[in-house]
Amino acid sequence: MRKTRNLIVLVVVLGLLAGSYFFLANRPQDDEEIPLNEKVTILKFDKNDIVKMELKSIKGELTFHRVEKEVEEEKDGEKQKVKKSMWEVEYPYEVELKQMNVDDIAYTFASLSAERVIEEETPEDLSIYGLEDPQAVGKATLKDGSEKILYLGNETPKGNTYYLMVEGDPRVYEVWMNHGQHLLYTLADVRDKSLTEINTPELAYYMVDKKDGRPMEIKANEKQSEDEARFGVGAWVMVKPYNELMSVDSNAFEQVLGSINNLAIEEFVEDGVEDLGKYGLEEPSLELIVKDKENTLHLLFGDEYDEGMIYFKTADSDSVYGMKKSGIEFTDIKAFDLIQKFAFIVNIDDVDKVVVEGRGKTHTLTLSRETKKAENEDEEDEVVTTYMANGKEVDEETFKKVYQSIIGITIDSETSKELEENPEIKTTFYLNKGPNREIHVNYVPYDNDFYAVFRSGKAEFIVSKDTVHKMLDKVDQMASD
């Protein structure tokens, strides 16, 4: 018995050795190519020859026409009008198409290849491939009037290919899944989901109205001075909701601007809506307007739906779309979080005099400027400034440090109660430019720790008493030295 087993093992080993020798002796050399399965070309022609495409599928019907349109394009830094071949869709409402996506359908007709041929002749039973009653029928009409018709069957068991037949061809093909997806496209698959793009570095206007009575409105400050730019002040000003113009914190606002061009249509809900109320858009819950020098994005938002979605529309259309509510979280940012926190700030070159009153004392700080003409034509005139405190000359460095403490007072929060303007400390700025040349910034006791800041007779913010007292200490010291 043992001898028999040994003999069987010997025979198997000899067989394996013989097989290995045969493979090594006949294997392809390094410089020989191993042939691979080649794809089968089904249709091949210039897709620009297609003038019309029709899709009829289990998802609906679509018809596209190729048209010549005049569009504006930038070339060599200048905008020019050029004629361009584009696709339009037969639809009762005007819609923007993603031209690249429509071209995907044209690509399927013009550059169609198969992974393999399943049947060389038309099978007796087409139903096994889903081709007796196809999922989709696509027809492309070419410039010469000829037509290419495709029939799309079921997905194959692989899950990444489809069965397909061509009109006038008896064979059944297996084609890659992208061709099946193209023939099953709906209008939503080819519509442009982008919204008007805003050039945020050139932002001119920003408005958010949450219908709470406090719309936030920001405008570009075209008169921003070099000094303001150095201090990060004045690139934009907040017009609302505050009584006075407030400089916008550029860093905080740029985070908001970074979210604007991420806004996009997530879902197409309904076109030509007659009853906007059913989407909460008859009386919108939120309005957003953003403008640059050339473009305007104006959106209205309605009710929330499903989980985390919100209905919205553009102001100039009756089409309703859906967007993820997380996409508009930036509109929840409060006005106070976007402003520079100075009680009042003004460039020292725009000031002729500051009067500070408090603790029973009045200090008058003045700046007298004299222009000395340049001796030579290639030189500039020199402005010489004399700094005075209560009529006594003060050195420039000391004066400017005290001035910084006056305009450097920062607000801590918004007020929450009404007060009468009975100031404990007053500061009055006399300016040499602008329509309002006398600015009063007064500090009224708010509680034990804070003053309410009054400007133009109204208080909207509070500041730390300690900060204001330190400012007074510096003014007192400079005036007494």
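Everything numeric in this text was worked out from a predicted model, so none of it was measured. (Residues numbered from 1 in each chain as written. Predicted model: local features only at pLDDT ≥ 70, side-chain atom pairs only at ≥ 80, totals over all residues. Heavy atoms only, no water.)

*Asks:* Got a sec to walk through the packing of helix α7 (residues 396-407) against helix α8 (residues 465-480)? Specific residues and values, please.
*Replies:* Taken N-terminus to C-terminus, the directions of α7 and α8 make an angle of 155°; their axes are 9 Å apart at the nearest point. With respect to their mutual orientation, α7 and α8 come out roughly antiparallel. As α7 runs across α8, the sense of the crossing is left-handed. For the pair α7 and α8, contact is made by Thr-398, Phe-399, Val-402, Ser-405 and Ile-406 and by Met-471, Lys-474, Val-475 and Met-478, respectively. Residue classes in the contact of α7 with α8 are distributed as six nonpolar, two polar and one charged. (Axes fitted to C-alpha atoms, helices over the stretch in contact; angles between N-to-C directions. Helix = DSSP H or I, 4+ residues; strand = E, 2+ residues; numbered from the N terminus. Parallel < 35°, antiparallel > 145°, perpendicular 65-115°, else oblique. Left-handed = near helix turned anticlockwise from the far one by under 90°. Contact = heavy atoms within 4.5 Å. Nonpolar A, V, L, I, M, F, W, Y, C, P; charged D, E, K, R; others polar.)

*Asks:* Residue-level account of empty space enclosed by the protein, with values.
*Replies:* One pass over the structure, following the stated rule, counts two cavities of 30 Å³ or more. Its boundaries defined by the atoms lining it, the largest cavity holds a volume of some 80 Å³. In this structure, the largest cavity is lined by Glu-244, Met-246, Phe-342, Ala-343, Ile-411, Val-453, Phe-454, Arg-455, Lys-458, Glu-460 and Phe-461. Those elements that provide at least two residues to the lining of the largest cavity are β27 (450-455) and β28 (458-464). Counted by class, the lining of the largest cavity contains seven nonpolar, no polar and four charged residues. Of all the secondary structure elements, the ones that give two or more residues to the lining of the second largest cavity are β25 (425-431) and β26 (438-445). (1 Å grid on protein atoms, 1.4 Å probe; cavity = no way out; pocket = protein on both sides within 12 Å on 5 of 7 lines; lining within 4 Å. Points joined across faces, edges and corners; volume = space filled by probe spheres on them.)

*Asks:* Before we move on, could you go through helix α2 (residues 99-110) and cite the residues and values that matter?
*Replies:* Taking 1.5 Å per residue as the helical rise, α2 with its 12 residues ought to reach 16 Å, and the 16 Å between its terminal C-alpha atoms agrees with that figure. Of all the residues in α2, the buried ones are Asn-101, Val-102, Ile-105, Ala-106, Thr-108, Phe-109 and Ala-110. (Expected span 1.5 Å × (residues − 1). Buried < 20%, exposed > 50% of the residue type's maximum accessible area, 1.4 Å probe, protein only.)

*Asks:* Describe the pairing of strand β16 (residues 286-291), and please don't skip the residues or the numbers.
*Replies:* Burial runs high along β16: five of the six residues are buried. Pairing geometry for strand β11 (residues 205-209) and β16, over five bridges, is antiparallel. By the bridge assignment, Tyr-205 is partnered in β16 with Lys-291. Taking the residues between adjacent antiparallel strands as the criterion, β16 and strand β17 (residues 296-305) are bridged by four residues. (Pairing = 2+ DSSP bridges.)

*Asks:* Can you lay out the packing of aromatic side chains for me, pointing to particular residues and giving the numbers?
*Replies:* All told, the structure shown has 14 aromatic pairs when counted by the stated rule. Ring geometry for Tyr-129 against Tyr-163: centres 4.8 Å apart, planes inclined by 65°, an arrangement best described as edge-to-face. Of the two residues, Tyr-129 sits in the loop between β6 (116-119) and β7 (136-142) while Tyr-163 sits in strand β9 (residues 161-166), which places them 34 residues apart along the sequence. The exposure classification of Tyr-129 matches that of Tyr-163, with both residues buried. Put simply, the rings of Phe-268, Phe-301, Phe-312 and Tyr-321 touch in pairs and so form one group of aromatic residues. Sitting above the plane of the Tyr-205 ring, Lys-291 keeps its charged end 5.3 Å from the centroid. (Phe/Tyr/Trp six-rings, centres within 6.5 Å; stacked < 30°, edge-to-face > 60°. Lys NZ or Arg CZ within 6 Å of the ring centre and 35° of its normal.)

*Asks:* Give a description of the pattern of salt bridges that names residues and reports values.
*Replies:* Scanning the entire structure with this criterion turns up 26 salt bridges. A salt bridge links Glu-414 to Arg-214; the nearest nitrogen and oxygen atoms lie 3.3 Å apart. Remark: Arg-214 occurs in the loop between β11 and β12 (216-220) and Glu-414 occurs in strand β24 (residues 411-414); sequence separation between them is 200 residues. Looking at Glu-414, the relative accessible area reads 31%, which means it is partly exposed. With a relative accessible area of 42%, Arg-214 lands in the partly exposed category. (Salt bridge = Lys/Arg side-chain N within 4 Å of Asp/Glu carboxyl O.)

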